[in-house]
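As a plain string of letters, each chain reads:
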Amino acid sequence: MTKFHRTYTTKANFMLHGGDYNPDQWLDRTDILADDIKLMKFAHTNTFSVGIFAWAALEPEEGVYNFEWLDKIFDDIYGIGGRVILATPSGARPAWMSQKYPEVLRVNTARVKQLHGARHNHCFTSPIYREKTQKINRLLAERYGQHPALLMWHISNEYGGECHCHLCQEAFRNWLKEKYPDLKSLNHAWWGPFWSHTVTDWSQIESPSPIGENTVNGLNLDWRRFVTDQTIDFFENEIIPIKEVTPEIPVSTNFMADTHELIPFQALDYSKFAKHLDVISWDAYPAWHNNWESTADLAMRVGFIDDLYRSLKQQPFILMESTPSLVNWHQVNKAKRPGMHLLSSMQMVAHGSDSIMYFQWRKSRGSAEKFHGAVVDHDNSLDNRVFQEVAKLGGILEKISDVVGTNRPSDVAILYDWESNWALNDASGFGLKTKRYPQTLQTHYRTFWEMDIPVDVITKDQDFTSYKLLIVPMLYLVSEETISRLKTYVASGGTLVMTYISGIVNEHDLTYLGGWHKDLQEIFGMIPVETDTLYPNDRNAVNFNGKSYELKDYATVIQLNAAKTEAHYVQDFYANTPAVTSNVFQKGKTYYIGARLEDDFHREFYSGLINELAIKPAASVKHGKGVSVQVRQSPECDYIFIMNFTEEDQTVVLESAVKDMVTGEQLSGDVVLEKYQVRIVEKEKC
Ligand code: GLA
Ligand code: GLA
């Protein structure tokens, strides 16, 4: 359970509102730059991320610098009471650099060296790129470190991707040498004798490639770990001068998510990266009003990922980018309908954001993102619908600044693990398209979201002991260390839920021998003896509490020891055998869900646990489907966000009197929320 204290992640005690500002695209239009400063006030914006892709403007020729334009931007923003989040420019580099130092260019998996172009594509090992990055970062820190507008550092942009050049190969081999004492242990971990893949010299090791080695699971897993570590190493190199010159200014880098299903960014293990950051920030681009799911379904997925990114540091996060209207890179780029911008932004705040920031402040006139939504459109008009919605939101953010720094205590945690997902996806087995680990976690999260019960989505090295209920779906890869921590958690009174395809391999992706790990056998009182994988159209069912629930994709055949059967299978060769089991272990209890079951099963199953463990929603507001109530709490007050994610009016019933933080009205009893309406109310605890 997170505490009630406030954590100001930046020095600001107000909600940050603003976004990426790219004046370097407009340096020949001083009229436009002057308009920007005027419009920023009208938009009720206060914070701007500057310089993200400005390297060519800052250092037009090697060693020739031009900071004057940025000096003026800093002063102008500060002049209207604004703040700057200053970016390091490593996300894109000037052409002169690629031309003069080709080692900064990436080599792809097929060992093809890339040409200069686009962005986010530097070699993360190149000593020259590291040196150049440090140099410009030091100059930025020295020049702006004492500027009163400087609020935070935005290191690079959306780190991702990988490089396979000879420098990276060497770095990978050195990383492996640190990890494994000798080749014998490496060969054991990678199960080398299989297909004669035993390595007899470190120099034989190459990163995975479609034209080379791509079947050794242990190698693939270690490569993914290396990519995370090398990216973090690059980041650490970037911040050396920054921490030296401006130790008091917090550092962040913007994390990402997949847009279609809002699953966490897959290529980097953010649970490791988070430890190197002062503040978590992320870029959220949900496809609102899409044609494949309801608004409420999408809102649930957004809630899940917000709860993950907030839980990475158990403190508020910064929404670094979002769009006020539409993006330009979906298949169809639909505008947010009136009201959706306010609603979707407030959901971010409700789940822990202390900001609403955009990409970008002003729409570019040319090149790749000229049709991406922005606060200021090509019309340069404050009468623009989008501009007006942004300004309205800004006014509201000013009224809810008391929320800044508050958190969301939770009795329930769901465990998400990047490494396990990599290993599971790389495993040839099960159903190749039906594994869907992050999406499976979302389905477990759904019941809690629908019941307004706060959830932390935590990672394996975080503390488990403060949660009444810990849910660990599909944890395919799990180390002995984590198993032992799970055991301690249950022994000391925790309730643990695990599912099919859990505890299969250790941290080297080597399967556990002897059925299942003996500690898991002990705490669950059963052994999963077979995992049956079904074709996508196959259906079976389980019988639970006298009702039948649909099953698809996966079913585990269970050998019962001390455990009790909670549900059994209805059909197939395992009909009438246990599908869901429970077991009392020392002071705690465990549940094993052997099959992939429909949402109604989760509703029924988790409602039982919620009652048994006396887990409560953070606010008592009665409502129908599609309304979400999320709460942030300070020692003095509960800040309650009541959000209508449906296209109809919804009546909610407030069980105690509260004050609307925006209108000042006292509210109680029945309140009607229009389509997409949100109300933010406060309830004093005294
Ligand atoms: C082929 C190969 C075997 C094995 C099996 C797996 O038959 O010869 O080595 O890979 O496929 O089905
Ligand atoms: C990412 C990038 C931005 C911009 C937006 C567009 O989040 O960080 O520079 O390209 O996408 O949605």
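Residues numbered from 1 in each chain as written. Chains lettered and ligands numbered in written order. Predicted model: local features only at pLDDT ≥ 70, side-chain atom pairs only at ≥ 80, totals over all residues. Heavy atoms only, no water.

Engineer: Hey, could you run me through the sheet that holds strand β9 (residues 355–358) in this one?
Structural biologist: Note on sheets: strands pair through backbone hydrogen bonds, and any given pair is parallel or antiparallel. Strand order in this open sheet of six strands is β5-β4-β3-β2-β1-β9, and the pairing throughout is parallel. The open sheet has two edge strands, β5 (251–252) and β9, and neither has a second partner. As paired strands, strand β1 (residues 16–21) and strand β2 (residues 47–50) are joined by four bridges and run parallel to one another. If you follow Y21 over to β2, its bridge partner there is V50. (Pairing = 2+ DSSP bridges. Helix = DSSP H or I, 4+ residues; strand = E, 2+ residues; numbered from the N terminus.)

Engineer: What's the story with helix α13 (residues 418–426) in this structure? I'm lost.
Structural biologist: In an α-helix, one full turn covers 3.6 residues, which means residues spaced three or four apart are oriented alike. In terms of burial, α13 is largely enclosed, as seven of its nine residues are buried. Looking only at α13, the buried set comprises W418, E419, S420, N421, W422, A423 and L424. Looking at the buried side of α13, the elements it contacts are α8 (217–245), α9 (270–273), α10 (295–311) and α14 (437–450). Sitting at the head of α13, D417 places a side-chain oxygen 2.9 Å from the backbone nitrogen of S420. (Buried < 20%, exposed > 50% of the residue type's maximum accessible area, 1.4 Å probe, protein only. Contact = heavy atoms within 4.5 Å. Polar contact = N/O pair within 3.5 Å; in protein donor to acceptor, adjacent residues only side chain to side chain.)

Engineer: Would you mind going over the site of ligand 2 with me for this structure?
Structural biologist: Every residue close to ligand 2 is listed here: F53, R119, N157, E158, D283, Y285, E321, W329, F359, E369 and H372. Take E158: an N or O atom from its side chain is 2.7 Å from an oxygen atom of ligand 2. Between ligand 2 and the protein, one listed contact pairs an oxygen atom with a side-chain N or O atom of D283 at 3.5 Å. For ligand 2, whose unbound accessible area comes to 300 Å², protein coverage reaches 96%. (Near = heavy atom within 4 Å. Areas by Shrake-Rupley, 256 points an atom, 1.4 Å probe, with all protein chains shown as cover.)

Engineer: Teacher, can you tell me more about the nonpolar core here?
Structural biologist: Generally speaking, soluble globular proteins have nonpolar side chains that are buried together. Ranked by internal contacts, the top residues of the largest apolar core, which has 199 residues, are Y309 and M346. At ten residues, the largest contribution of residues to this core is made by α8. With residues near it in sequence (within four places) discarded, M346 still touches L393, I396, L397, I400, F641, M643, V678 and I680. In terms of nonpolar packing, the next biggest core, distinct from the first, is built from 14 residues, V627, V671, L673 and V681 among them. (Core = buried A, V, L, I, M, F, W, Y, C linked by side-chain atoms within 4.5 Å.)

Engineer: What is the right way to read unusual backbone geometry from this model?
Structural biologist: Comment: phi is negative for the bulk of residues other than glycine, and the bulk of peptide bonds are trans. Residue Q360 follows F359 across a cis peptide bond; omega there is -10°. Within the secondary structure, Q360 is located in the loop between β9 and α12 (385–399). The residue D572 is not glycine, and still its phi comes out positive at about 75°. Within the secondary structure, D572 is located in the loop between β17 (564–569) and β18 (578–585).

Engineer: How should I be thinking about the sheet that holds strand β7 (residues 281–283) in this particular structure?
Structural biologist: Pairing is parallel in the open sheet, where three strands are placed in the order β6-β7-β8. Pairing within the sheet leaves two strands with one partner each, and these edge strands are β6 (254–255) and β8 (318–321). Across three bridges, the pairing between β7 and β8 is parallel. Each bridged residue has a counterpart across the sheet, and for D283 the counterpart in β8 is E321.

Engineer: Would you explain the packing of aromatic side chains in this entry?
Structural biologist: Note on aromatic pairs: each is described by the distance of the centres and the angle between the planes. Counted under the stated rule, the structure contains 48 aromatic pairs. Above the plane of the ring of Y129 lies R93, whose end atom (NZ or CZ) is 6.0 Å from the centre. (Phe/Tyr/Trp six-rings, centres within 6.5 Å; stacked < 30°, edge-to-face > 60°. Lys NZ or Arg CZ within 6 Å of the ring centre and 35° of its normal.)

Engineer: Honestly, the pattern of salt bridges in this entry has me stumped. Any pointers?
Structural biologist: Opposite charge on two side chains lets them pair, provided their charged atoms get close. This structure, assessed with the given rule, holds 50 salt bridges. The closest approach of N and O atoms between D222 and K179, which form a salt bridge, is 3.0 Å. Within this pair, whereas D222 is found in helix α8, its partner K179 is found in helix α6 (residues 166–179), the two being separated by 43 residues in sequence. What makes K179 partly exposed here is its relative accessible area of 32%. Across the pair E261 and R436 runs a salt bridge, and its minimum N-O distance is 2.7 Å. With E261 in the loop between β6 and α9 and R436 in the loop between α13 and α14, this residue pair connects regions lying 175 residues apart in the sequence. (Salt bridge = Lys/Arg side-chain N within 4 Å of Asp/Glu carboxyl O.)

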